[in-house]
Amino acid sequence: MKTLDALGKNWIFLLDRAAIYTLPLGILFGMFMVFTQTLPWKTCVLGVLGVSFTLSVVHQVCLYHFVKCPTCGWNLTIFKDGKKIQPKFLYNAFSAGKPCLNCGWVPGEPPTNNEEQHSQDND
Ligand SMILES: [Zn+2]
């Protein structure tokens, strides 16, 4: 994910993976819980669906609100006409490192705007 790497936002992609994997893993976990009679099956089903749903909603919100071009501030997840780009295509574009639709910034290059970029490490 060149673009997310450049923006330090790989966690958004991890959120996407988490939302996807919660379902099968949660079902396995739920089956185990039901089998060992730790939890009733309704609780497991609701829990798994709830967590997976919540994660995917959080992922969508973060994806469409936090991925911005560091040079011009353009939202990299929408087309020029303002329509949202589907996550599948977005992640293709992100891993290919597609340039910003608005200003042409390419992930991996320093923002070309002005002197705002300081390389200080205050750990
Ligand atoms: Zn831009």
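Residues numbered from 1 in each chain as written. Predicted model: local features only at pLDDT ≥ 70, side-chain atom pairs only at ≥ 80, totals over all residues. Heavy atoms only, no water.

A.B. asks: Could you clarify how one ought to interpret helix α2 (residues 10-35) in this entry?
C.D. replies: Since the α-helix turns once every 3.6 residues, residues separated by three or four places project in the same direction. End to end, α2 covers 36 Å across 26 residues, agreeing with the expected 38 Å (1.5 Å per residue, within 8%). T22 marks where α2 bends most, by close to 40 degrees; the proline P24 follows one to four residues later. For α2, the full list of buried residues reads I12, F13, L15, D16, A19, T22, G26, G30 and M33. Structurally, α2 contributes buried residues whose contacts are with α1 (2-7), α3 (41-66) and α4 (87-96). In the stretch just after α2, Q37 is the one whose phi turns positive, near 55 degrees. (Helix = DSSP H or I, 4+ residues; strand = E, 2+ residues; numbered from the N terminus. Expected span 1.5 Å × (residues − 1). Bend = angle between axes of the 7 residues up to and from the residue. Buried < 20%, exposed > 50% of the residue type's maximum accessible area, 1.4 Å probe, protein only. Contact = heavy atoms within 4.5 Å.)

A.B. asks: Is there a simple way to explain the pattern of salt bridges in this structure?
C.D. replies: Once their charged atoms are close, side chains differing in charge can pair, the charge on each being opposite to the other. Per the counting criterion, the structure on display carries one salt bridge. For R17, the salt bridge is made with D16, and the minimal N-O distance between the two is 3.0 Å. Take R17: its relative accessible area is 30%, and that puts it in the partly exposed class. (Salt bridge = Lys/Arg side-chain N within 4 Å of Asp/Glu carboxyl O.)

A.B. asks: Looking at this structure, I do not really get unusual backbone geometry. What am I missing?
C.D. replies: Peptide bonds are, in most cases, trans, and in most cases residues other than glycine have a negative phi. Non-glycine residue Q37 carries a positive phi angle of around 55 degrees. Mapped onto the fold, Q37 is located in the loop between α2 and α3. Of the residues examined, Q37 reaches a relative accessible area of 71% and is grouped as exposed.

A.B. asks: Would you mind showing me how to read a nonpolar patch on the surface here?
C.D. replies: Taken together, the side chains of I20, Y21, L23, L25, I27, L28, M31, V34, W41, V45 and L49 present a nonpolar region at the surface, about 1,100 Å² in accessible area. Of all the elements, α2 adds the most residues to the nonpolar patch, at eight residues. Mapped onto the fold, Y21 is located in helix α2. (Patch = residues over 30% accessible without salt bridge, like charges linked within 9 Å, V, L, I, M, F, W, Y side chains within 5 Å. Areas by Shrake-Rupley, 256 points an atom, 1.4 Å probe, with all protein chains shown as cover.)

A.B. asks: Explanation requested: the packing of aromatic side chains in the structure shown.
C.D. replies: Aromatic rings in a pair are described by how distant their centres are and how their planes are angled relative to each other. Throughout the structure, instances matching the rule amount to three aromatic pairs. Aromatic side chains W11 and F66 sit 6.5 Å apart centroid to centroid with 50 degrees between the ring planes, which places their arrangement in the tilted category. Residue W11 is found in helix α2, and its partner F66 is found in helix α3; the two are separated by 55 residues along the sequence. Judged by relative accessible area, F66 falls into the partly exposed class, the value being 40%. Judged by centre distance (6.0 Å) and plane angle (80 degrees), the ring pair of Y91 and F94 falls under edge-to-face. With a gap of three residues between them, Y91 and F94 both fall in helix α4, about one helical turn apart. Pair check on accessibility: Y91 and F94 agree, each one buried. The structure contains a cluster of three or more aromatic residues connected by ring pairs, namely F13, Y91 and F94. Note that K80 overlies the ring of W74, its terminal NZ or CZ placed 5.8 Å from the centroid. Lying over the aromatic face of Y64, K84 brings its terminal NZ or CZ to 4.8 Å of the ring centre. (Phe/Tyr/Trp six-rings, centres within 6.5 Å; stacked < 30°, edge-to-face > 60°. Lys NZ or Arg CZ within 6 Å of the ring centre and 35° of its normal.)

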